[in-house]
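Structural overview for review
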Amino acid sequence: KAGVTQTPRYLIKTRGQQVTLSCSPISGHRSVSWYQQTPGQGLQFLFEYFSETQRNKGNFPGRFSGRQFSNSRSEMNVSTLELGDSALYLCASAPISPNTGELFFGEGSRLTVL
Amino acid sequence: DAKTTQPNSMESNEEEPVHLPCNHSTISGTDYIHWYRQLPSQGPEYVIHGLTSNVNNRMASLAIAEDRKSSTLILHRATLRDAAVYYCILFNAGGTSYGKLTFGQGTILTVHP
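Now for a description of the structure that goes with this document. These numbers come from a predicted model, not from an experiment. (Residues numbered from 1 in each chain as written. Chains lettered and ligands numbered in written order. Predicted model: local features only at pLDDT ≥ 70, side-chain atom pairs only at ≥ 80, totals over all residues. Heavy atoms only, no water.)

1. Considerations on the side chain of Thr 107 of chain B
Residue and element names in this part refer to chain B. Summarising the element assignment, Thr 107 is placed in strand 9 (residues 107-112). Judged by its relative accessible area of 1%, Thr 107 falls in the buried class. Each residue touching Thr 107, except ones within four places of it in the same chain, is listed here: Gln 6, Pro 7, Asn 8, Ser 9, Met 10, Leu 20, Ala 84, Val 85 and Tyr 86. (Helix = DSSP H or I, 4+ residues; strand = E, 2+ residues; numbered from the N terminus. Buried < 20%, exposed > 50% of the residue type's maximum accessible area, 1.4 Å probe, protein only. Contact = heavy atoms within 4.5 Å.)

2. Focus: the packing of aromatic side chains
For the coordinates displayed, the defined rule picks out 10 aromatic pairs over all chains. Taking 5.9 Å as the distance between ring centres and 90° as the angle between the ring planes, the aromatic pair formed by Tyr 35 of chain A and Phe 103 of chain B counts as edge-to-face. Here Phe 103 of chain B lies in the loop between strand 8 (84-92) and strand 9 and Tyr 35 of chain A lies in strand 4 (residues 31-38), a pairing that spans two chains. Neither Tyr 35 of chain A nor Phe 103 of chain B differs from the other in exposure class; each is buried. Their ring planes at 85° and their centres at 6.1 Å tell us that Phe 105 of chain A and Tyr 36 of chain B sit as a pair that is edge-to-face. Taken together, the residues Phe 105 of chain A in strand 10 (residues 104-105) and Tyr 36 of chain B in strand 3 (residues 31-38) connect one chain to another. The same class applies to Phe 105 of chain A as to Tyr 36 of chain B, namely buried. In this structure an aromatic cluster arises from ring pairing among Tyr 35, Phe 45 and Phe 105 of chain A together with Tyr 36, Tyr 46, Tyr 87 and Phe 103 of chain B. Positioned above the aromatic ring of Tyr 98 of chain B is the side chain of Arg 55 of chain A, whose terminal nitrogen or guanidinium carbon lies 3.7 Å from the ring centre. (Phe/Tyr/Trp six-rings, centres within 6.5 Å; stacked < 30°, edge-to-face > 60°. Lys NZ or Arg CZ within 6 Å of the ring centre and 35° of its normal.)

3. Things to note about the interface of chain A and chain B
Taken together, the contact pairs 17 residues of chain A with 17 residues of chain B. Both sides together, the interface formed by chain A and chain B hides about 1700 Å², and carbon and sulfur atoms give 53% of it. At the junction of chain A and chain B, the tally comes to zero salt bridges. Where chain A packs against chain B, one counts six residue pairs in polar contact (both at pLDDT 80 or more). Breaking the side of chain A that touches chain B down by element, the ones donating at least two residues are strand 4, strand 5 (42-50) and strand 6 (53-57) of chain A. (Buried area = accessible area lost by both parts, 1.4 Å probe. Salt bridge = Lys/Arg side-chain N within 4 Å of Asp/Glu carboxyl O. Polar contact = N/O pair within 3.5 Å; in protein donor to acceptor, adjacent residues only side chain to side chain.)

4. Digging into the sheet that holds strand 8 of chain B
All names here are of chain B. Pairing within the open sheet is mixed, and its five strands lie in the order 1-9-8-3-4. Here the strands that pair on one side only, and so sit at the sheet edges, are strand 1 (9-13) and strand 4 (45-50). Strand after strand, the sheet turns through a mean of 25° between neighbouring axes, direction not considered. Looking at chain direction, strand 1 and strand 9 are connected through five bridges and run parallel. Bridge pairing in strand 9 places Ser 9 opposite Ile 108. (Pairing = 2+ DSSP bridges. Axes fitted to C-alpha atoms, helices over the stretch in contact; angles between N-to-C directions.)

In short, the description is geometric, and any link to function would need to be established separately.
In structure tokens:
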């Protein structure tokens, strides 16, 4: 069974640009969550989608957005990039009955903002 | 979110058991105790979770205190591949915490050959 796939794995952007990251969940999983990991703040929850609807949201500015498609694949977008957005962005998926706390994480997309 | 407290770091020798402690004195009745670990350059990996009773799986055992204010993750025979950051997390399955795990700083486990 394939795991959670995130693309791209690495990318470099400059301040002011925008970026889109993609996540393909495990087959059959309909819940997709996004996290940001930085050395200073650790792992922080961004948002969660289930059946194309955002059900939960963390404490991040509106520059961070996401969406989920009918096939459960998800994308997150960061607009007007700042240096502090440099981080590892992790996607996690969960099965149809998602509220167990058991999440399956991908390897992440490492974003560097110059 | 209820908070957990873990030691910053622990060390072990290969083939020996490892007991990773976690305190969660403000745990509520609907909070599950979860353990995740993160190996270098990888995303977090689910290890085990429990509510009240001790739990075992192929990776580890989880021992939960009777008052649920503390728990211990037990790796029965540490290997070099177990070197990782271990996170103890409380997850309220009864609320609207969809997909949200609150990670602390975790415990850095070093395994010596």
